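Structure at a glance
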Amino acid sequence: SGRPRFRRWAVVHLLPAQAQEKVAMTGAQDSDVSTPKYAVLYCIGFVYLVSLVVVAYYARRRKAEAEAAGGKLQAHYGGSFSAPLLILTTFSTVYSGFTVTGVPEEAFKKGFISIRWIGATIVIVASMMVIYPRLRRLAVERRYTNPNDFIADRFGTMRVRMLGAACGVVPMLIYVTAQMISFAALVQGLSGGAIPRWASILILVCVLLVFEKLGGMNSVVLTDAVQSVIMLVSFLVVPFALGAAFGFVPAIAAPDCGSLLYVRERGTDPSQVPLTCTDWPAHTTVTADGACVPAGCIAAVRPEFYKNPGFADQANILFFLVNMIGAPLQPHMIQRAYIAADDRALRLMMGAMLLAPFLAQTPGIIMGITKAAWDPTWPQDVRKQTAFSSVCDALSSEGGWEYLLVSVMTCATMAAIMSTADSAIMGASSLAIDMYRSLVSATASEGLLVRIGELTSVVMCGAAFGLAMVLTVSQMGSIIIFQNGMLMQLLPVYGLGLFFDINEQPIFFGLAAGLLALVVLVLAQYPMDSYVPLVNVSVFVNFAVVVAAIFIAPGEDKRTIAATSGNGDEANTTTAEAGFDGVIPAVPMNLNRASIKAHMASISEPSKRMIAFLLVLVFVSIPWYGRPGTDAPIIWGLPQWGAPLAYTNESRALSRFSSW
């Protein structure tokens, strides 16, 4: 017949109206019998959680061995992990619950604009290539365990350290809150509302805190590995399962594709399948069930998906990609650079991240596009769900193995949420340790610092719990903008601090001005956000103030002042100012451009040409060409501007990266 196989839905569409009503009623009756269906899912979820507990206990043993060899702080927050483990933990941390649920929803609403998530990886990896090789080498030779250690080592003063820590802790609190809200929505959906929101969030909090207590960073990395395997299995199978059930994207793209049909736009009963317009196009009467609308072909249902993007969309894509430069500065991502076993492991991880979006983002985009094409044929109760949930609902009705796949996909969502949340909590708690050393005691014992970090995790979970109970998914958008704005303020700190001779004062002035501008713009409801996001305006203010201060008030090297104005003991005085106090006594404390280059003397950094090539690819991939609003040619199911936005340039980026 030319139609894809999707049994119950396809059968209904081929039946006359009276038979459709009967099948719909039967389906409604079947949907009530949900206990055996969910029993399988619960069993899979239970096995998943048990596997994490087993891994956490193994991590506890590794942590004990690390404590005996290198101290409590390093054992809890540090480690040395091989390339495979580093790749898996970074993968599960980067691809959070938003990848599994948010990307499909964006693809459903905005179409192929969502391909920007694949192109964004080029920016993230380019930023990693600039920052991580130097950070990793400094972490090894100067014994960093805290994401803020570089800021303390490079600039020394309490005020910059505190602002730097705040720029990490607050975004991580928002990040964890978002994961808790996603987890609560998932659990409530699976339990049919039987498990209240507070209970589902409390379950997540308990699991996260127990895992951190048992194994610290070892628990995070090893459980991430398990969670990555679950996610990868789902990501690899989903495109083929959706293609078999609903049709592959190239086959259902054209407006007159073989699966085209017409249905009534709504039904009198939200649980019933919409009626088919069997005599279309002759029958055009609008009834109580609405007019006849197309379904089954993307361009027929959502023709705007194949239009050339307008100026607002172009600006949105541009700044979305630009803002990904700040993604590697998240505290838990910096920790991934610290724990690489060697420079080769770090390089392999970055290469794997270039490949990862093909596996992680493509299924979500296909899922959203599939919902857009077939959404008119589904009952209202299914259509009102998110793209991820509605497609899973429709796919699970296809048969036994499809339902098994949906169960694994659900576990993959849990894995994505948990892996991101535990990493963010660990990153934030380590920053709290630096705050304690700055404000209270620079000579606190390692055991005390670990306990403070664990207490911080409890406090952070409590704060995120409270926020998650009062916030909704729709409110998170504006809050996440603020989160990204705070992270982006760290760009001058790392970008200038790692590569230029710059004193503390311009950095402090820039940070303070950028954060103040961010708060003012948010409160003033900045009107031009659709074209130039307020995040970018605040970062521009940050950089502008830094440049102005370099010429007007460059300041002095605070560490040098501390070293010469104390009791004559240069090493001890400088070390206390930086907050390490004996942790790295054999290392010269004055970190500047010359000493950083000396540390990197034996390391092969990526060439500037390679990084520039990746950034040029990003700029070229933005759909500047094509008259806005006009039809774009369809190439393998994608609009012409969609291919270079993602897949073509990702392939070129991988090819160029392989030469490093």
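The shown structure was predicted, so the numbers you read here are calculated from the model rather than taken from an experiment. (Residues numbered from 1 in each chain as written. Predicted model: local features only at pLDDT ≥ 70, side-chain atom pairs only at ≥ 80, totals over all residues. Heavy atoms only, no water.)

Each helix and strand counted, the protein has 30 helices and 4 strands in total. For the protein, buried positions account for 55% of its 660 residues. Summarising the internal contacts of the protein: among those between residues at least 6 apart in sequence, 84% fall at separations of at least 24. As displayed, the protein offers around 26,100 Å² of accessible surface, 66% of which is attributable to carbon and sulfur atoms. (Helix = DSSP H or I, 4+ residues; strand = E, 2+ residues; numbered from the N terminus. Buried < 20%, exposed > 50% of the residue type's maximum accessible area, 1.4 Å probe, protein only. Contact = heavy atoms within 4.5 Å. Areas by Shrake-Rupley, 256 points an atom, 1.4 Å probe, with all protein chains shown as cover.)

With that out of the way, let us pick up the nonpolar core. Tyr 132, Phe 150, Met 180 and Tyr 494 are the most contacted members of the largest nonpolar core, which totals 175 residues. A total of 16 residues in this core trace back to one element, the largest contributor, which is helix 19 (residues 400-439). Contact partners of Phe 150, with chain neighbours within four places excluded, come to Leu 135, Leu 138, Tyr 144, Tyr 338, Val 493, Tyr 494, Gly 497, Leu 498 and Leu 591. (Core = buried A, V, L, I, M, F, W, Y, C linked by side-chain atoms within 4.5 Å.)

A word on the packing of helix 5 (residues 83-94) against helix 15 (residues 331-338). Contact geometry for helix 5 and helix 15: axes closest at 11 Å, N-to-C directions at 175°. In this view, helix 5 runs roughly antiparallel relative to helix 15, as classed from their interaxial angle. For the pair formed by helix 5 and helix 15, the contact residues are Leu 86, Thr 89, Thr 90, Thr 93 and Val 94 on the first element and His 332, Met 333 and Arg 336 on the second. (Axes fitted to C-alpha atoms, helices over the stretch in contact; angles between N-to-C directions. Parallel < 35°, antiparallel > 145°, perpendicular 65-115°, else oblique.)

Together, Trp 198, Leu 202, Leu 467, Met 469 and Val 470 make up an exposed nonpolar region whose accessible area comes to about 450 Å². At the level of secondary structure, the elements contributing two or more residues to the nonpolar patch comprise helix 10 (197-215) and helix 20 (446-470). The leading source of residues in the nonpolar patch is helix 20, at 3 residues. For Leu 202, the location among the structural elements is in helix 10. (Patch = residues over 30% accessible without salt bridge, like charges linked within 9 Å, V, L, I, M, F, W, Y side chains within 5 Å. Salt bridge = Lys/Arg side-chain N within 4 Å of Asp/Glu carboxyl O.)

The next subject is the packing of aromatic side chains. Enumeration over the complete set of coordinates arrives at 9 aromatic pairs. The interplanar angle of 70° and the centroid separation of 4.9 Å between the aromatic rings of Trp 117 and Phe 320 together place this pair among those described as edge-to-face. Of this pair, Trp 117 sits in helix 7 (residues 116-141) while Phe 320 sits in helix 14 (residues 311-323), placing them 203 residues apart in sequence. Relative to Tyr 494, the ring of Phe 150 has its centre 5.4 Å away and its plane inclined at 25°; by these criteria the two rings are stacked. (Phe/Tyr/Trp six-rings, centres within 6.5 Å; stacked < 30°, edge-to-face > 60°.)

The next thing to look at is the environment of Pro 133. Position of Pro 133 among the secondary structure elements: in helix 7. The spacing of Pro 133 and Tyr 338 is 205 residues in sequence and 9.7 Å in space, taken between C-alpha atoms. With residues up to four places along the chain from it excluded, the contact list for Pro 133 reads Met 128, Leu 346, Met 600, Pro 606 and Trp 660.

This part takes up helix 22 (residues 491-499). Taken across its 9 residues, helix 22 has 7 buried, putting it largely inside the fold. Those residues of helix 22 that sit buried are Leu 491, Pro 492, Val 493, Tyr 494, Leu 496, Gly 497 and Leu 498.

Here we come to the state of the cysteines. Here the structure, examined in full by the defined rule, presents 2 disulfides. The disulfide partner of Cys 257 is Cys 297, and the S-S distance across this bridge is 1.8 Å. Judged by the sign of its S-S torsion, about -100°, the cystine formed by Cys 257 and Cys 297 is left-handed. Taken together, the positions of Cys 257 in the loop between helix 12 (249-252) and strand 1 (261-264) and Cys 297 in the loop between strand 2 (292-295) and helix 13 (298-301) put the pair 40 residues apart, joining distant regions of the chain. A relative accessible area of 9% places Cys 257 in the buried class. Given a relative accessible area of 0%, Cys 297 falls into the buried group. Two residues share a disulfide in this structure: Cys 277 and Cys 292, whose sulfurs sit 1.9 Å from each other. Between Cys 277 and Cys 292 the sulfur-sulfur dihedral comes to about -100°; the bridge is accordingly left-handed. Of the two residues, Cys 277 is situated in the loop between strand 1 and strand 2 and Cys 292 in strand 2; the sequence distance between them amounts to 15 residues. Neither Cys 277 nor Cys 292 differs from the other in exposure class; each is buried. Sequential numbering of the bridged cysteines in the protein gives the disulfide pattern 1-4, 2-3. (Disulfide = S-S within 2.5 Å.)

One can find Thr 93 in helix 5. Assessed through its relative accessible area of 1%, Thr 93 is described here as buried. Polar side-chain contacts of Thr 93 include one of 3.1 Å to the side chain of Arg 336. (Polar contact = N/O pair within 3.5 Å; in protein donor to acceptor, adjacent residues only side chain to side chain.)

Bringing the confidence of the model for the protein into the picture now. For the protein, the average pLDDT comes to 80, and 82% of its residues sit at 70 or higher. Low pLDDT (under 50) marks residues 1-35, which in the prediction has 56 contacts with non-local residues, meaning those over four places away or in another chain. This stretch, residues 561-586, has a pLDDT under 50; its non-local contacts, to residues over four places away or in other chains, come to 37 contacts. (pLDDT = per-residue confidence, 0-100.)

Close approach of charged atoms allows side chains of opposite charge to pair. According to the stated counting rule, one finds 16 salt bridges in the structure shown. Two residues, Lys 371 and Asp 375, come together in a salt bridge whose shortest N-O distance is 2.7 Å. Neither residue differs from the other here; Lys 371 and Asp 375 are each classed as buried. One network of salt bridges, in which partners are shared, links Arg 136, Arg 137, Glu 141 and Asp 343.

Relative to the helices and strands, Tyr 526 is located in the loop between helix 23 (504-523) and helix 24 (534-552). Taking the C-alpha atoms as reference points, Tyr 526 and Val 537, separated by 11 residues in sequence, lie 9.9 Å from one another.

For the rest of this paragraph, the subject is the packing of helix 7 against helix 16 (residues 343-374). Relative orientation of the contacting elements helix 7 and helix 16 amounts to 165°, with a least axis distance of 10 Å. If you check the angle between helix 7 and helix 16, you find them roughly antiparallel. Where helix 7 crosses over helix 16, the handedness of that crossing is right-handed. Residues Trp 117, Ile 118, Thr 121, Ile 122, Val 125, Met 128, Met 129, Tyr 132, Pro 133, Arg 136 and Arg 137 of helix 7 touch helix 16, and the partners they reach there are Asp 343, Leu 346, Met 349, Met 350, Met 353, Leu 354, Pro 357, Gln 361, Thr 362 and Ile 365. Looking at the contact of helix 7 with helix 16, its residues break down into 15 nonpolar, 3 polar and 3 charged. (Left-handed = near helix turned anticlockwise from the far one by under 90°. Nonpolar A, V, L, I, M, F, W, Y, C, P; charged D, E, K, R; others polar.)

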